[in-house]
Amino acid sequence: MSIQTTMAEPPAKTSADATTAQKPSGELKRLRQLALAAIVPVTMLVVWDVMVRWTGTRLVPSPSGVAVMMWDFAFGGIYDDAYSKSLPIHFWKSVQRVYGGFLLAAAAGIPLGLMIGRIPLLRALLDPTLSLLRPIPVTAWLPLSMIFFGLGPKSAIFLVFLGAFYPILLNTIFGVRSVDPRLFEAAEMLGCNGSRLFRSVVFPAALPSIFNGLRLGAGFAWILIVVGEMTGVPEGLGAVIMDGRTLSRTDLVITGMIIIGITGFVSDRILLWINNYFLRWSPQHHA
Amino acid sequence: MLDTRATASPILRINDLHKSFVASNGTVEALRGINLTISKGEFVCLLGASGCGKSTLLRIVAGFEHATRGSVAVYGFDVDKPGPDRGMVFQDYALFPWLTVRENISFGPRHQGRSKKDAAEVTERFLSMVGLTAFAERYPHQLSGGMKQRVAIARVLANDTDILLMDEPFGALDALTRSKLQEELIDIWRTTKLTVIFVTHSVEEAVLLADRVVVMSAGPGRVDSEIKIDLERPRDVSSPEFNALRRDVTRRLTSHIVQGRSDKPAADS
């Protein structure tokens, strides 16, 4: 089990180090970084393979077994069962739900956070309630969300929304609260006040924090999509993992895990790229 | 030149201004009974030791803080909030880090509803006045301290300010950069005919820059004395006249410090 859970991470590590390696010049340096990053995942694959052979377990497939499953899941032609060639549809459904819930959370969390951070009355009104609701694990909302939204994708989107909402909201509030008060003074003295302050000062000054919230939120969104899709939706990567569990097809489970790992990683890279573009004025916020 | 300044109409009048802060151990009196009139085009330095309330006074004039009693009037109108007529240059620059040099300077004009073309024109003029045209596309984090302060000055100038408020603006800069900026500030002041209120704790800086030095004493902050500096510009810091004035001002500044010390036990008993 511990092998399986860690398996979702190594691909992420490889490319993460590869991109940071872009700074020092030279192909050689980049190659060296890549090689260094590959050591741990390759070792883990080998250990995994050896352990499966050595114990002779039938519960966990070997890496090659998972690779075959992944190929079949993506392109078909090997097992030709219900899961062959079905990756695109599952992937697409999950991506839609993740980004649907995530964008809803951003659309609600950022403006609300800007206002709570800046307007004391709103803070006094909402902060206590939000602080009470926040410690409730999002997964605990599952039964209620099924009652509210029925068995289906809406319930999954709601969970993703809730999971992404709090990190986005809290980081936005934090960002606004930690803006240097001098900047507000400077803006007011230059004739910028009232609601224009939000657009011209509050939002850009809080942007580094907002991006932190978005990256955290997107991470939670990918975690919660699996939980959300385990409840009676026919398609989606979470549903695939749930099916794999019911059918005792561990190769399918691991395949789903690896794909979520890679997608979550790529999605974080995209956010990071956007982050670096919009925060080009602040090198310490480049990751 | 100096004479016309002295007789010019007052642009700023501070009338019996008091300021107290509420602290955990009761109220602290920061300013007591400040009276000060500043003429249009005058360069005034507020000089005092730290804690004499000179920065607080400047912040009240800027409208960032409110007086407990008394008033500040610009052209006869009371001020109670920040406005484009009074432009502040902070010691720590307070530039908008997400805007380029050019965008920082055009921030004021754009927010005052000037046309794009007009705002761009003004921006270019002040960019070149502070000698930063080549750095227009840089972000503040890519600038040295001296350059940042030039941007901050250009930012308020572009805003068509009447009174330039400067809160120890060169305090964080190295000596060479400081003297360069002091020179440039005088040039700018002469070409723009601005009124400048400049807070400093350096006697030399005050005597070098000001038409009039207002010496403040601490505990609570009061105006101790006002000294006119009738020296030709550019001023020579090594000249006997300069040094005589510097000695005078230093004596005024230290006299009340010594006096303040002997005051304390008397006040406590």
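Positions within a chain are numbered from 1, following the residues in the order the chain's sequence is written. Both sets of labels track the order of writing: A upward for chains, 1 upward for ligands. Side-chain atom pairs in this predicted model are given and counted only at pLDDT of 80 or more, local residue features only at pLDDT of at least 70, and totals for whole chains, interfaces and linings cover all residues.

J.: Tell me what's going on with the overall build of chain A, and back it up with residues and numbers.
T.: Helical segments are the DSSP runs of H or I of at least four residues, strand segments are the runs of E of at least two, and each set is numbered from the N terminus. A tally of helices and strands in chain A yields 12 helices and zero strands. Tracing chain A from N to C terminus, the helices and strands come up as α-α-α-α-α-α-α-α-α-α-α-α. In terms of overall dimensions, chain A has C-alpha extents of about 75 × 55 × 30 Å along its principal axes. Partly exposed residues are those whose C-beta has more than 12 but fewer than 20 other C-beta atoms within 10 Å; with 20 or more the residue is buried, with 12 or fewer it is exposed, and the C-beta atoms are placed from the backbone. The buried share of chain A, reckoned over its 287 residues, is 36%. A pair of residues counts as a contact when their C-beta atoms, built from backbone coordinates, are separated by no more than 7 Å. Relative to all contacts within chain A whose residues are 6 or more apart in sequence, the contacts with residues 24 or more apart total 69%.

J.: Explain the overall build of chain B residue by residue, including any values.
T.: Scanning chain B for helices and strands turns up eight helices and 10 strands. Rg of the C-alpha trace for chain B: 19 Å, near the compact-globule value of 18 Å for 269 residues, within the 12% margin. With the C-alpha coordinates aligned to their principal axes, the bounding extent of chain B is approximately 65 × 45 × 40 Å. Taking all 269 residues of chain B together, 43% fall into the buried category. For chain B, the share of sequence-separated contacts (at least 6 apart) that also reach a separation of at least 24 residues comes to 70%. Every radius of gyration here is taken over C-alpha atoms, with the globule rule written as 2.2 Å times N^0.38, N being the number of residues.

J.: Can you lay out the domain arrangement of chain B for me, pointing to particular residues and giving the numbers?
T.: All names here are of chain B. Domain start and stop positions are those given by an automatic or database domain assignment. Segmenting chain B into domains produces domain 1 (2–85 + 163–236) and domain 2 (87–161). Summarising the inter-unit geometry, the C-alpha centres of domain 1 and domain 2 are found 23 Å apart. With 19 residues of domain 1 at the contact, the number on the domain 2 side is 17 residues. Within the residue set of the side of domain 1 that touches domain 2, elements represented by two or more residues are β7 (163–167) and α6 (175–192). Considered class by class, the residues forming the side of domain 1 that touches domain 2 number 12 nonpolar, three polar and four charged. Throughout, the ten residues Ala, Val, Leu, Ile, Met, Phe, Trp, Tyr, Cys and Pro are labelled nonpolar, Asp, Glu, Lys and Arg are labelled charged, and all others, Gly among them, are labelled polar.

J.: Can you break down the packing of helix α5 (residues 87–118) of chain A against helix α11 (residues 237–246) of chain A residue by residue, with the values?
T.: Residues and elements named next belong to chain A. Angles run from 0 to 180 degrees between N-to-C directions of axes, and those axes are lines fitted to C-alpha atoms, restricted for helices to the stretch in contact. One can describe the packing of α5 onto α11 by two numbers: an axis separation of 7 Å at closest approach and a directional angle of 125°. Classified by the interaxial angle, the pair formed by α5 and α11 is oblique. Counted together, His 90, Phe 91 and Ser 94 of α5 and Leu 237, Gly 238 and Val 240 of α11 form the full contact between these two elements. Looking at the contact of α5 with α11 residue by residue, the classes come out as three nonpolar, three polar and no charged. In what follows, roughly perpendicular refers to angles from 65 to 115 degrees, roughly parallel to angles under 35, roughly antiparallel to angles over 145, and oblique to any angle outside these ranges.

J.: Any chance you could break down the interface of chain B and chain A for me, citing the residues and the numbers?
T.: Contacts between the two partners involve 20 residues from chain B, matched on the other side by 14 residues from chain A. Contributing elements (two or more residues each) for the side of chain B that touches chain A: β6 (86–89) and α3 (101–111) of chain B. When the residues that make up the side of chain B that touches chain A are grouped by side-chain class, the tally is 12 nonpolar, six polar and two charged.

J.: Summarise the sheet that holds strand β4 (residues 69–74) of chain B; cite the residues concerned and give the values.
T.: All names here are of chain B. When DSSP finds two or more bridges between a pair of strands, those strands are recorded as paired. Taken in spatial order, the four strands make up an open sheet running β2-β1-β4-β5, and their pairing is antiparallel. Sheet topology places β2 (26–39) and β5 (77–78) at the edges, where each strand pairs with a single neighbour. Of the pairings in the sheet, the one linking strand β1 (residues 10–23) to β2 comprises 10 bridges and is antiparallel in character. Bridged to Leu 12 within β2 is Ile 38. Contacts between helix α2 (residues 54–62) and the sheet are confined to β1, β2 and β4, with β2 contributing the most and set at about 65° to the helix.

J.: So what's going on with the domain arrangement of chain A? Residues and values would help.
T.: Entries for chain A in the domain assignment read domain 1 (1–60) and domain 2 (86–285). Computed over C-alpha atoms, the centres of domain 1 of chain A and domain 2 of chain A are 28 Å apart.

J.: Tell me about the environment of Trp189(B), and name the residues and values.
T.: All names here are of chain B. Within the fold, Trp 189 resides in helix α6. Judged by local crowding, Trp 189 falls into the buried class, with 20 C-beta atoms found within 10 Å. Residues Trp 189 and Gly 41 lie 148 residues apart in sequence; the distance between their C-alpha atoms is 8.3 Å. If we ignore the near neighbours within four places in the chain, the residues touching Trp 189 are Phe 43, Leu 194 and Val 196.

J.: Could you give an account of the nonpolar core, naming the residues involved and the relevant values?
T.: In this usage, the nonpolar core is the set of buried Ala, Val, Leu, Ile, Met, Phe, Trp, Tyr and Cys residues whose C-beta atoms join them within 7 Å. Core analysis: the biggest nonpolar cluster contains 142 residues, and Val160(A) and Leu47(B) have the highest contact counts within it. Once residues within four sequence positions are removed from consideration, Val160(A) is found in contact with Arg97(A), Val98(A), Gly101(A), Phe102(A), Ala221(A), Leu224(A), Ile225(A) and Gly228(A).

J.: Run through the pairing of β4(B), naming residues and quoting values.
T.: All names here are of chain B. Direction of pairing for β1 relative to β4: antiparallel, over a ladder of five bridges. Residue pairing across strands places Ile 14 opposite Val 72, the latter belonging to β4. Pairing of β4 with β5 involves two bridges; the strand directions are antiparallel. Of the residues in β5, the one forming a bridge with Val 74 is Phe 77. Turn length for the β4-β5 hairpin, with the two strands adjacent in sequence and antiparallel, is two residues, and the turn residue Tyr 75 shows positive phi of about 50°.

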